[in-house]
Amino acid sequence: SAVISQKPSRDICQRGTSLTIQCQVDSQVTMMFWYRQQPGQSLTLIATANQGSEATYESGFVIDKFPISRPNLTFSTLTVSNMSPEDSSIYLCSARQGDQPQHFGDGTRLSIL
Amino acid sequence: QKEVEQDPGPLSVPEGAIVSLNCTYSNSAFQYFMWYRQYSRKGPELLMYTYSSGNKEDGRFTAQVDKSSKYISLFIRDSQPSDSATYLCAMSAKWGSQGNLIFGKGTKLSVKP
């Protein structure tokens, strides 16, 4: 299965600032996704990162708050914009190649002060 | 009613015990079922995936799906301290649109030596 690396692994940020999280896969993959994992909650899909086009966002998530890029088949970024304490969470990148199941990175642990 | 219900535990068992982890769901369209294991400060790691009803075995792990009852289980035989983790069930209606995985909240398992 693909190896997925995320940067940074954790960060503490001030409210009102933005942070960009990077996701690198060691091989070309068909699809890449971004999830949020809040304490005591299910993993929630934020969006599907589409190569060469705008991301597809799930209900409750908007591009202005979570802009996503996917310039090629191995790399994607998620930006958390204008952060507030409610954005404190773990953000996970996942990838899928063809008909294979999704695999996940280790996540970015984000705290907003 | 949430689409996927999973008892968050925590579940504590002695080493060598048989562990049963379960999820119930409400959407009868779900056909693909997955179990992920998540160690502390790590991303979810795929353990097993199954299609429709029936059993699937992999070493000490057995996944069971009962679509008539909308109930899935993961059994761990001869549990080890290294099995201590949070176990997430996930399911989807279509394999091709696996981006729409719906996750349970996870069950935290502790196996005591």
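## So, the sheet that holds strand β7 (residues 61-66) of chain B
All names here are of chain B.
Stage number 1. Taken in spatial order, the five strands of this open sheet run β1-β3-β8-β7-β6, and their pairing is antiparallel. Two strands bound the open sheet, and with one partner strand each, they are β1 (4-6) and β6 (54-58). Taken pair by pair, the neighbouring strands of this sheet meet at an average axis angle of 15°, ignoring direction.
Stage number 2. Pairing geometry for strand β3 (residues 19-25) and strand β8 (residues 71-76), over six bridges, is antiparallel. Within the sheet, the bridge partner assigned to T24 lies in β8 and is Y71.

## Some words on the layout of surface pockets
Stage number 1. Estimates place the volume of the largest pocket at around 530 Å³.
Stage number 2. In terms of lining, the largest pocket is formed by 20 residues, of which the most central are A:Q37, A:I90, B:Q38, B:S40 and B:T86.
Stage number 3. At three residues, the largest contribution of residues to the lining of the largest pocket is made by strand β9 (residues 85-92) of chain B.
Stage number 4. Broken down by class, the residue content of the lining of the largest pocket amounts to six nonpolar, nine polar and five charged.
Stage number 5. Looking at the second largest pocket, its volume works out to about 400 Å³.

## Structural notes on the state of the cysteines
Stage number 1. Tallying each qualifying case throughout the model produces two disulfides over all chains.
Stage number 2. Covalently, A:C23 is tied to A:C93 through a disulfide, its sulfur atoms 1.9 Å apart. Every disulfide takes its handedness from the sign of the S-S torsion; for A:C23 and A:C93 that torsion is -70°, giving left-handed. A residue pair is termed long-range when its members are at least 10 positions apart, and A:C23 in strand β3 (residues 19-25) and A:C93 in strand β9 (residues 89-96) qualify at 70 residues. Comparing A:C23 with A:C93 shows no difference in burial state: the two are buried.
Stage number 3. What pairs with B:C23 in a disulfide is B:C89, and their sulfur atoms sit 2.0 Å apart. Negative torsions about the S-S bond denote left-handed disulfides, and the value of about -105° found for B:C23 with B:C89 makes this one left-handed. Taken together, the residues span a long stretch of sequence, with B:C23 in strand β3 and B:C89 in strand β9 at a distance of 66 residues.

## Digging into the pattern of salt bridges
All names here are of chain B.
Stage number 1. Under the definition given, this model contains five salt bridges over all chains.
Stage number 2. Linking R37 and E45 is a salt bridge whose minimum nitrogen-to-oxygen distance equals 3.1 Å.
Stage number 3. Look at E45 and you get partly exposed, because its relative accessible area is 34%.

Reading the values: the criteria
Residues numbered from 1 in each chain as written. Chains lettered and ligands numbered in written order. Predicted model: local features only at pLDDT ≥ 70, side-chain atom pairs only at ≥ 80, totals over all residues. Heavy atoms only, no water. Pairing = 2+ DSSP bridges. Helix = DSSP H or I, 4+ residues; strand = E, 2+ residues; numbered from the N terminus. Axes fitted to C-alpha atoms, helices over the stretch in contact; angles between N-to-C directions. 1 Å grid on protein atoms, 1.4 Å probe; cavity = no way out; pocket = protein on both sides within 12 Å on 5 of 7 lines; lining within 4 Å. Points joined across faces, edges and corners; volume = space filled by probe spheres on them. Nonpolar A, V, L, I, M, F, W, Y, C, P; charged D, E, K, R; others polar. Disulfide = S-S within 2.5 Å. Buried < 20%, exposed > 50% of the residue type's maximum accessible area, 1.4 Å probe, protein only. Salt bridge = Lys/Arg side-chain N within 4 Å of Asp/Glu carboxyl O.

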